[in-house]
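Survey of secondary and tertiary structure
The chain contents come next:
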Amino acid sequence: MHNAINEFRDAMRSAGLMPPDMIEPGKFHRFPGEGKRNGNSAAWCKLFPDGIGGIYGDYSTGLSADWQAKRETPFTQAESEAFKRHLTEAKAQVEAERKAKQSEAACKAAGIWKAAKPAPEDHPYLIRKGIKPSGARLHNDDLVIPMRAGGEIHSLQFIGLDGKKRFLTGGRVTGCYFSIGNPKGAAALCIAEGFATGASIHEATGFPVAVAFNAGNLGPVAKAMRERFAELPLIICADDDVATAGNPGITKASEAARSVGGKVAIPEFGTDRPDGVKDFNDMAQLRGVEAVKRAIANAIAPAMAEPQHGTENASTDDPDSNGWPEPQPLTTKIEPEPYPLDALPDTIRAAVEEVAGFVKAPIPLVAASALAALSLAIQAHADVKRAEKLTGPVGLFLLTIADSGERKSTCDGFFTKAIHDYETQQAEAGQPILSDYKAAIAAWEAERDGIISAIKQAGKTAKSVAGKDIKVLRAELAEHQHHMPEAPRIPRLLYTDATPQALAYGLAHNWPTGGVVSAEAGIVFGSHGMGKDSVMLSMGQLNQLWDGNSLTIDRRTTESYTVKGARLTVALQVQEPTLREFFKQSGALARGIGFLARFLVAWPESTQGFRPFSEAPANWPHHAAFNQRIAAILGQPAPIDEHGALTPAMLTMAPDAKAAWVQYHDAIERELPSGGELYDVQDVAAKSAENAVRLAALFQMFEGAGSAIGLDAFEGASRIAAWHLNESRRFFGELALPAELANAARLDTWLIAYCKRERTHLVPIAKLQQGGPGGLRSKAVIETALRELEDAGRARMVRDGKRKIIAVNPALVIEGGAS
């Protein structure tokens, strides 16, 4: 055991720690961390009771390592299992203590910060550094800087009169930062190590700054900033640790920049650089704020590292760019555009962001669930007038093309909660009415059966029955038929797997407004009603319902009926292979009769493989506000006439909104002829202006902002309709391609999205096989698609040791690159 203790100590020393004098096996020890004076207890260690291993670390630096004793004879299976068990238990103990101490420190930090006063501008440290307080406070003569993450204070940094810095004991550091300035509307966001450095950068440039507190925290803070401000350029402002081996300031800043696709700025001191200077605060004091401003403006992207590879799929067209040629465009490919989330009304946008933040489904898919709920709730209450003789419903047809597992059912559940609650309430309230109806119809049927029985008897005997001849009895039967009890209409809005025929029956006989909302649209597209013999009739019926027209259903053996004044929403998610098979079976019918032209199509990139678990938030204020508004709309009586048909109010367009609609309509119309941008999707494009005004009407009604559609509502709606039109162009364009080219285009889109999201240009083949687009995960399909991309200079297969990696041309993923 003595040798084990000594070896354990040696391991800690090699990691930069000074182990405690006494180490008792099986006991958890605390001692000063790396470079810390006595009294600090950031470091920890535990030697396992059997002496065959141990674990140690330093909370202040994030160090955590395990150690296993060296010996000549191999460990037995029992010893190996014991080591793993001890290691698991020790790690759990360390993690529990770390979290407990961080929680305790966070509470203490919040109390100190609340009690602290604003720092005076004449604080000796601020004067010496030549900076303003920038939001710092004062606690016992020390400047105090809050360390935040996720909007919460986790710890504090204290800066004394003499400039010495210390952190609150036990507090979290990794990922925590201090903000100087407001990122809203900023041209860039800077990230720096120290408070004084950050203050100098902000004062010189006006840019907002996130202070990371140390070089090792630059990467975590950079990633946090990228998540919060996805479109904002990031500049990592390095300390130039020229006197330290490896220059950790520049090294860590470059790593952080590479991880988020940012740039690196390095302070410049010239040839007569004094000793000891290294950061932008030093530079500001030596060379002035204008020099700092120029250095930040001259920030550059760090070189991107790429693993060494052999000749496999290598290209040497341009040796100055690591063998990458100029990427050639895929002429048949239409690039995806970001979903215009800001075009949604604020209440809807906030709810979509809140749900997407937890569910982590693609934003277009989440938005489609919200729009479906809007359409379902509102379509009964309003029609819209675009121009004279041009009126119609506001209901939407939405089609999201996505793989199974994208969580559409979950998203639908969040946004249709108020609708489900409404249906439940109406069903409960209708129970007594339904019971009365059942009793009344039973009595009516008994009376009818009695009259029919009397007619049969009179017909057999040619005599009157109860003093009534057969003519009188027939007249009674006819009169009785006129008094048949009418079935009560109990609202049902949601249909999940109904065929077009069952849906039409429900709208005619039950409730005249409803919607097919399904995360498994294969049930719809693969139903009997969509079979070869009846597909044209079914699609024609759905077209009529989208238009708001009457629909007559003729039957040979059962009751014929008419669907009149009904309104319909359709919101489907379908897997691409299912949709392709539907096209194959239906031929050109689906587009030829305008069925798919009525849909707002979305074909989002999958988020599968990039959805780490997170706990549900305790409160959902924006989701709650959305459902409260939907419930309020549903609570308004549906305008149904005595024949069971809807009579919605007519919503008109304000003059400026009408002018914008005409402009949108005409802009599309100009691109429809041969040679125009929209020629290949004429059918879809011709409906886009109408879909835009339907969306605008839904937004206006949801906001409860009067009887006329305003310009703001239409401008937001037109941006969303235009986005869906581009998605239709993407999907139908690639649908017409040979499979090899279509797969190459889809692979190209997925690879670029992955690289931009992960801030890299290298994609492990396993990532593609695990989370790539459906149908693009087999070796043969990937290799064929990659050959197309390699010929275009867009991607190639490389090797990193035994691993295969897809390298994407950096010009496609770095800022300002080709596409």
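Described below are features of the structure shown in this document.

Cut-offs and rules
Residues numbered from 1 in each chain as written. Predicted model: local features only at pLDDT ≥ 70, side-chain atom pairs only at ≥ 80, totals over all residues. Heavy atoms only, no water. Helix = DSSP H or I, 4+ residues; strand = E, 2+ residues; numbered from the N terminus. Buried < 20%, exposed > 50% of the residue type's maximum accessible area, 1.4 Å probe, protein only. Contact = heavy atoms within 4.5 Å. Pairing = 2+ DSSP bridges. Salt bridge = Lys/Arg side-chain N within 4 Å of Asp/Glu carboxyl O. Axes fitted to C-alpha atoms, helices over the stretch in contact; angles between N-to-C directions. Parallel < 35°, antiparallel > 145°, perpendicular 65-115°, else oblique. Left-handed = near helix turned anticlockwise from the far one by under 90°. Nonpolar A, V, L, I, M, F, W, Y, C, P; charged D, E, K, R; others polar. Phe/Tyr/Trp six-rings, centres within 6.5 Å; stacked < 30°, edge-to-face > 60°. Lys NZ or Arg CZ within 6 Å of the ring centre and 35° of its normal. Core = buried A, V, L, I, M, F, W, Y, C linked by side-chain atoms within 4.5 Å. Expected span 1.5 Å × (residues − 1). Arc of directions from axis to C-beta.

**Digging into the overall build of the protein chain**
- Of regular secondary structure, the protein chain possesses 25 helices and 28 strands.
- Relative to its full complement of 819 residues, the protein chain shows a buried share of 49%.
- A separation threshold of at least 6 residues defines the contact pool for the protein chain, and within that pool the share at least 24 residues apart is 66%.

**Observations regarding the pairing of strand β16 (residues 390-393)**
- Pairing geometry for strand β15 (residues 382-387) and β16, over 4 bridges, is antiparallel. Residue Asp383 lies in a different strand from β16, and its bridge partner there is Pro393.
- The antiparallel pairing of β15 with β16 creates a hairpin that spans 2 residues between the two strands, and Lys389 there sits at a positive phi of about 70°.

**What to know about the pattern of salt bridges**
- A complete count under the given rule lists 21 salt bridges for this structure.
- Notably, a salt bridge pairs Asp142 with Arg166, separated by 3.8 Å at the nearest N-O pair. Here Arg166 lies in strand β9 (residues 165-167) and Asp142 lies in strand β7 (residues 142-149), a separation of 24 residues in the sequence.
- Taking the relative accessible area as the measure of exposure, Arg166 reaches 40% and is therefore partly exposed.

**Structural notes on the environment of Asp58**
- The residue Asp58 is located in strand β3 (residues 53-58) in this model.
- Here Asp58 falls in the buried class, since its relative accessible area comes to 1%.
- The sequence separation of Asp58 and Ala42 amounts to 16 residues, and the corresponding C-alpha distance is 5.5 Å.

**With respect to the packing of helix α9 (residues 346-359) against helix α11 (residues 408-415)**
- Taken N-terminus to C-terminus, the directions of α9 and α11 make an angle of 140°; their axes are 11 Å apart at the nearest point. The orientation of α9 relative to α11 falls into the category oblique. Of the two possible hands of crossing, α9 and α11 adopt the one that is right-handed. Where α9 abuts α11, its residues Ala351, Val352, Val355, Phe358 and Val359 lie against Thr410, Cys411, Phe414 and Phe415.
- Counted by class, the contact of α9 with α11 contains 8 nonpolar, 1 polar and no charged residues.

**Structural notes on the environment of Val763**
- Assignment of secondary structure puts Val763 in strand β26 (residues 762-764).
- In this structure, the C-alpha to C-alpha distance between Val763 and Met797, residues 34 residues apart in sequence, is 9.5 Å.
- In this structure Val763 touches Trp750, Leu751, Tyr754, Cys755, Ile805 and Ile806, once residues within four positions along its chain are discounted.

**Re the packing of aromatic side chains**
- On inspection of all chains with the given rule, the structure shows 19 aromatic pairs.
- Note on Tyr339 and Trp723: the rings are 4.9 Å apart at their centroids and 75° apart in plane angle, and the pair reads as edge-to-face. Remark: Trp723 occurs in helix α22 (residues 711-735) and Tyr339 occurs in the loop between α8 (289-297) and α9; sequence separation between them is 384 residues.
- Classification of Tyr339 as buried rests on a relative accessible area of 12%.
- Residue classification places Trp723 among the buried residues on the basis of a relative accessible area of 4%.
- A centroid spacing of 5.4 Å and a plane angle of 90° characterise the contact between Tyr505 and Tyr561, whose relative ring orientation is edge-to-face. Separated by 56 residues along the polypeptide, Tyr505 in helix α14 (residues 500-509) and Tyr561 in strand β21 (residues 561-563) bring together distant segments of the chain.
- Take Tyr505: its relative accessible area is 35%, and that puts it in the partly exposed class.
- Directly above the aromatic system of Phe158 lies the positively charged group of Arg166, at a separation of 4.3 Å from the ring centroid.

**A few points about the nonpolar core**
- Formed by 107 residues in total, the largest nonpolar core has its most connected members in Leu374, Phe415, Phe626, Phe699, Ile709 and Phe714.
- In this structure Phe626 touches Thr347, Ile348, Ala351, Ala370, Ala373, Leu374, Phe415 and Phe702, once residues within four positions along its chain are discounted.
- Core analysis: the next-biggest nonpolar cluster, separate from the first, contains 38 residues, Ile145, Ile159, Cys190 and Val209 among them.

**Regarding the sheet that holds strand β19 (residues 513-518)**
- Across the sheet, which stays open at both edges, the 5 strands sit in the order β18-β19-β22-β17-β23 with parallel pairing between neighbours. Only two strands of the sheet have a single neighbouring strand rather than two, namely β18 (494-495) and β23 (599-602).
- Note that β19 and strand β22 (residues 567-574) share 6 bridges and pair parallel. If you follow Val517 over to β22, its bridge partner there is Ala571.

**Observations concerning unusual backbone geometry**
- Within the chain, Asn140 stands out as a residue other than glycine whose phi angle is a positive 50°.
- Within the secondary structure, Asn140 is located in the loop between β6 (137-139) and β7.
- Since its relative accessible area comes to 64%, Asn140 is described here as exposed.

**Examining the side chain of Ser728**
- Along the chain, Ser728 falls in helix α22.
- The contact partners of Ser728, leaving out residues within four places of it in the chain, are Val601, Val681, Val684 and Gly733.

**Here we look at the packing of α9 against helix α10 (residues 363-378)**
- Direction vectors running N to C along α9 and α10 enclose 130°, while the axes themselves pass 9 Å from each other. Here α9 lies oblique to α10, going by the angle between them. When you trace α9 past α10, the crossing you get is right-handed. Note on element contacts: α10 touches α9 through Ile363, Val366, Ala367, Ala370 and Leu374, opposite Ile348, Val352, Val355 and Ala356.
- For the contact of α9 with α10, a count of residues per class yields 9 nonpolar, no polar and no charged.

**Quick word on the environment of Cys190**
- Structurally, Cys190 can be placed in strand β11 (residues 189-192).
- Measuring from C-alpha to C-alpha, the distance between Cys190 and Val264 comes to 9.5 Å, with 74 residues separating the pair along the chain.

**Topic: helix α19 (residues 621-634)**
- With 14 residues, α19 ought to run about 20 Å at 1.5 Å a step, and its terminal C-alpha atoms sit 20 Å apart, in line with that.
- Along α19, the residues that are buried comprise His623, Phe626, Asn627, Ile630, Ile633 and Leu634. Around the axis of α19, the buried residues are gathered within 115° of arc, so they sit on the same side.

**Here's the deal with the sheet that holds β7**
- Read from one edge of the open sheet, 5 strands run β5-β6-β7-β8-β9, paired in antiparallel fashion. Only two strands of the sheet have a single partner each, and these edge strands are β5 (117-118) and β9.
- Pairing geometry for strand β8 (residues 152-159) and β9, over 3 bridges, is antiparallel. When the bridges of β9 are listed, Ile159 appears paired with Lys165.
- Here helix α2 (residues 77-115) sits on the sheet in contact with β5, β6, β7 and β8, set at roughly 65° to β8.

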